[in-house]
Amino acid sequence: MRKVIGIGETVLDIIFRDEQPISAVPGGSAFNAVVSLGRSGVPTSMISETGNDRVGRNIIRFLEKNGVDASNINVYPESKSPLSLAFLNEQNDAEYIFYKDHPNDRIDYIYPDIQPDDIVLFGSFFALNPVIRPQVYAFLDYARQHGAILYYDVNFRSSHRHEVMKITPNLLENLELADIVRGSSEDFDILFKKGDSDSVYRSQISFYTKNFIYTHAAEPVEVKAEKGFSKQYPVLATKTVSTIGAGDNFNAGFVFGLIKNNITHQEIENGLTEAQWDSVIQCALEFSSECCRSISNHVSAEFGAQKKQELEQALLALEE
C-alpha cells in the first residue's frame, strides 16, 4: 500500500474552556493528520522534533500506539518539548499561544523510503522556518524527485504575522513544490491581505500550482484546479465540540481519498475529473467533521476502524 509521510512540528496541546484547562493531547498540523490516517489503516511515518522529556516520550508513544512510524522524530537532549495553549471561545474555535524551547533547531533524520505516488504532507510555520529551511527543502525536493505527491497546507498563524516578508521566498518555493495546496481565508488574509478565493488563486497560487483548495470555516469549501475546474462543496452539518484539528483532519481525509481512489501523481498532473474531486473532498469533509465532534485533535478509533475497512475493500476491488 502507498505510504504517507508527514513532516512538521509536534506539540502538546493544552485546551482551555472558560480559562480552565479541560484536556491535554499531542498535536501539530501534520502530526494530527498522520495520526488520523494511522488509525484509518494507512501506512504513515512522521518526521519531526521533540524534547528529551516526559512530554516528548509521550508524543512518541502516542504516534506508535496509533500505527505511525516515529523513528524519524529528532529528540533534542537538552530541550523541553513545545507546548500550545488553545483557548476555545463560545463557537468552539480556538485562539493559540505557543511556547517553544529549542534554542538550536537543527532537525536531523534519515530520509524514509519514498516510492512513486507516496504522499508527503507538509505545512505551517515548520515548512517556512528559515532556521531549518535547508533540511526541509532538501527533503521535499528529494520526495518530489522520487515521484511523491506533495500536499501543502499553508496554515499560517497570526502569531507569525510580523515574519511575512522574511518567509515569503520559502512560501513561494513551497507553492512551486506542491502538487496540491490548501489554505484558509485567514491564512491568505495574513499573508496577502486578500480575502476571496478567486483573487488569491489568480494572483498568488495558479502560477505555481493549479490545484487549490480554499476553506473558510463553516462556509463551503472551494476547489480551483486544472482545465478551469471550479466547484464549491458545503461543509457537513456537525454538532461541534472543538474545531482544533479540523483543518488537519480535512487534509488527512483528502489524502485518504487519494489512496482509496488510487489517484496517482500522473492523474493529478493531467487534471482530476469532477467525480474524483467529489470523492476526495467528501472524504476530507467526513474526517474534518468527525474531528469536530470531540475534544481530540484526531478522528476517533471507531471512525478509523470503519475507514480502514472501507480502504481495504476499495483496494481489493481495484485488484480484481
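Predicted, not measured: the structure shown is a model, and the values here were computed from it.

Asks: Got a minute to help me understand the overall build of the protein chain in this structure?
Replies: Scanning the protein chain from N- to C-terminus turns up ten helices and 13 strands. Whereas a compact globule of 320 residues would reach a radius of gyration of roughly 20 Å, the protein chain reaches 18 Å, a difference of no more than 12%. Principal-axis analysis of the C-alpha atoms gives the protein chain an extent of 50 × 45 × 40 Å. Looking at the protein chain as a whole, 56% of its 320 residues are labelled buried. Sequence-distant contacts in the protein chain: of pairs separated by 6 or more residues, those separated by 24 or more amount to 74%. Summed over all atoms, the accessible surface of the protein chain reaches about 14000 Å², with 50% contributed by carbon and sulfur. Placing the 29 positive and 44 negative side-chain charges of the protein chain at their respective mean positions leaves the two points 2 Å apart.

Asks: What is the right way to look at the sheet that holds strand β13 (residues 230–233) in this model?
Replies: Sheet strands pair via backbone hydrogen bonds, and the direction of the pair is either parallel or antiparallel. Reading across from one edge, β5-β4-β1-β8-β9-β10-β11-β12-β13 is the order of the nine strands in this open sheet, with mixed pairing throughout. Across the chains shown, the open sheet's two edge strands, defined by having one partner strand only, are β5 (68–76) and β13. When the angles between neighbouring strand axes are averaged without regard to direction, this sheet yields 20 degrees. Pairing analysis gives five bridges linking strand β8 (residues 119–123) to strand β9 (residues 149–153), with the strands arranged parallel. Bridging from a neighbouring strand, Ile-119 pairs with Ile-149 of β9. Against the sheet, helix α1 (residues 29–39) contacts β1 (4–7), β4 (44–51), β5, β8 and β9, and its axis sits at roughly 140 degrees relative to β4. Relative to β9, helix α4 (residues 164–177) is tilted by about 140 degrees, and along the sheet it contacts β8, β9 and β10 (180–184).

Asks: Looking at this structure, how should I read the pairing of β4?
Replies: Sheet faces and side chains relate simply in a regular strand, where the side chains alternate between the two faces. The buried fraction of β4 amounts to eight of the eight residues, a majority that puts the element mostly inside the structure. The alternating pattern of β4 places Thr-44, Met-46, Ser-48 and Thr-50 and Ser-45, Ile-47, Glu-49 and Gly-51 on opposite faces, both of which are buried. The pairing of β1 with β4 spans four bridges and is classified as parallel. In the sheet register, Ile-5 faces β4, and the bridge partner there is Ser-45. In the sheet, β4 pairs with β5 via seven bridges, with the strands oriented parallel. Considered in β5, the bridge of Ile-47 is made with Asn-72. The handedness of the β4 to β5 crossover, carried by helix α2 (residues 54–65), is right-handed.

About the cut-offs
Residues numbered from 1 in each chain as written. Predicted model: local features only at pLDDT ≥ 70, side-chain atom pairs only at ≥ 80, totals over all residues. Heavy atoms only, no water. Helix = DSSP H or I, 4+ residues; strand = E, 2+ residues; numbered from the N terminus. Rg over C-alpha atoms; globule rule 2.2 N^0.38 Å. Buried < 20%, exposed > 50% of the residue type's maximum accessible area, 1.4 Å probe, protein only. Contact = heavy atoms within 4.5 Å. Areas by Shrake-Rupley, 256 points an atom, 1.4 Å probe, with all protein chains shown as cover. Lys, Arg positive; Asp, Glu negative; His and termini not counted. Charge placed at Lys NZ, Arg CZ, Asp CG, Glu CD. Pairing = 2+ DSSP bridges. Axes fitted to C-alpha atoms, helices over the stretch in contact; angles between N-to-C directions. Right-handed = clockwise from strand over helix to strand, strands pointing away.

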